[in-house]
Amino acid sequence: MALDKLAGSAPGPRDLQDLEDEITELSAHLAAATYRLLCLIHEFDERSGWNGGGVKSCAHWLNWKCGIALGAAREKVRVAHALAELPQISSAFRCGKISYSKVRAMTRVATSQNEDYLLMIANHGTAAHVERLVRNYRKVQRIEALRRDQLAHESRELSWYIDDDGSYVFRARISAEQGARVAQALNAAIDVSAETPIAARRADALERVAEVYLAAGESNVNGGDRCTTRHHVDAHHIRHWADGGETRLDNLVLLCRHHHRLVHEGGYVLQMGTDDAPVFSAPNGDVVPAGPDTRFRGNVFALVTGHRRAGFDIGPGTIIPYWCGDRMDAGMAVDGLLNRA
């Protein structure tokens, strides 16, 4: 009864064909609406609309404001950016001809050279077919990448010598993954306020990285903070200990390192509300909302009406693929995709 009321349809038995048509048509409308949502997310992220409130990324903003699980939010941001470079897939998605599940899978490997091939598979197969094709294609890619990584791993080296003036001169060749991690550490340790040349600041950063390792040891090395951190978090005194605040559970709140710095150095204020829940305020004094507004907004009829006004010819058969139950030749499908590369 609740679902009937939500959909605006009369309760009681219905003709099965009508029911099937309504399900497939509404699925196509939802696909078209999802495309619009991803376009908005893309623009919002490009303009850094989520920045400035202590939020670390657009995915975290979606998790907070829209109630989307963080993993699903990251996928939506990824797909939103990928679609900007894939006009054919975007066009089909915009008209509700393919589902978000198919688009999500295709954008993991899609390029301007192979999107038409992927779209052909999506139009003639199910989401499971598309997922299988992408999975097998990526497996072939990984095998090739492993060969390249093995060669890079075997050729890794680091050497140094002491110059005539006593300076150490380092020379290194490391894998792409190792290099990215070292570069990330150096960038984090660079003194951005210094006026010395960047090369000199990188040398100073290398020394800082070495000092931290020697002081802490390998056991304390971790992958860095995440906004949803559960481990290696900081206990923050709501009333600072310097102001007489005691180290008790009712005066402590767990914060990740990023947000702990915002409270201490970024101008954010933390106080306990009347309901004993923490209340955060931004540097401008605005209270940071506690969570998303999950109330239902709009209805399916507004969705359908909006799409019809936009000229979308969406009906019960729009999103249904041409697949008739035959088995996909995975090897041939992957070969076709490899040929496009």
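Remember, predicted model here, so these are calculated numbers, not experimental data.

Chemist: Honestly, the environment of Glu43 in this entry has me stumped. Any pointers?
Modeler: One can find Glu43 in helix α2 (residues 16-46). Taking the C-alpha atoms as reference points, Glu43 and His81, separated by 38 residues in sequence, lie 9.1 Å from one another.

Chemist: Is there a simple way to think about unusual backbone geometry in this case?
Modeler: A negative phi angle is the norm for most residues apart from glycine, just as the trans form is the norm for most peptide bonds. Positive phi is not limited to glycine here, since Ser48 has a value of about 55 degrees. Within the fold, Ser48 resides in the loop between α2 and α3 (58-65).

Chemist: Mind showing me how you'd approach the pairing of strand β1 (residues 157-162) here?
Modeler: Each regular strand carries side chains that alternate between the two faces of the sheet. Here six bridges tie β1 to strand β2 (residues 168-173), and the two strands are oriented antiparallel to one another. Looking at β2, one finds that Glu157 is bridged to Arg173.

Chemist: Would you explain the pattern of salt bridges in this entry?
Modeler: Side chains that carry opposite charge are capable of pairing whenever their charged atoms lie near each other. Following the criterion strictly, the structure yields eight salt bridges and no others. The partner of Arg308 in a salt bridge is Glu25, with the nearest N and O atoms 3.7 Å apart. Here Glu25 lies in helix α2 and Arg308 lies in helix α12 (residues 300-309), a separation of 283 residues in the sequence. Residue class for Glu25 comes out buried when judged on its relative accessible area of 18%. One salt bridge in this structure joins Arg171 and Glu157, with 2.7 Å as the shortest N-O distance. Taken together, the residues span a long stretch of sequence, with Arg171 in strand β2 and Glu157 in strand β1 at a distance of 14 residues. Judged by relative accessible area, Glu157 falls into the partly exposed class, the value being 40%. Here the salt bridges share partners, and the residues they tie into one network are Glu75, Arg78, Arg108 and Glu131.

Chemist: Mind showing me how you'd approach the nonpolar core here?
Modeler: One broad trend across soluble globular proteins is that nonpolar side chains are buried collectively. In this structure, Leu38, Leu83, Ile89, Phe93, Ile98, Val103 and Met106 are the most contacted members of the largest nonpolar core, which totals 44 residues. Breaking this core down by element, the ones donating at least two residues are α2, α3, α4 (70-83), α5 (87-94), α6 (100-106), α7 (115-124), α8 (127-154) and α13 (330-340).

Conventions used here
Residues numbered from 1 in each chain as written. Predicted model: local features only at pLDDT ≥ 70, side-chain atom pairs only at ≥ 80, totals over all residues. Heavy atoms only, no water. Helix = DSSP H or I, 4+ residues; strand = E, 2+ residues; numbered from the N terminus. Pairing = 2+ DSSP bridges. Salt bridge = Lys/Arg side-chain N within 4 Å of Asp/Glu carboxyl O. Buried < 20%, exposed > 50% of the residue type's maximum accessible area, 1.4 Å probe, protein only. Core = buried A, V, L, I, M, F, W, Y, C linked by side-chain atoms within 4.5 Å.

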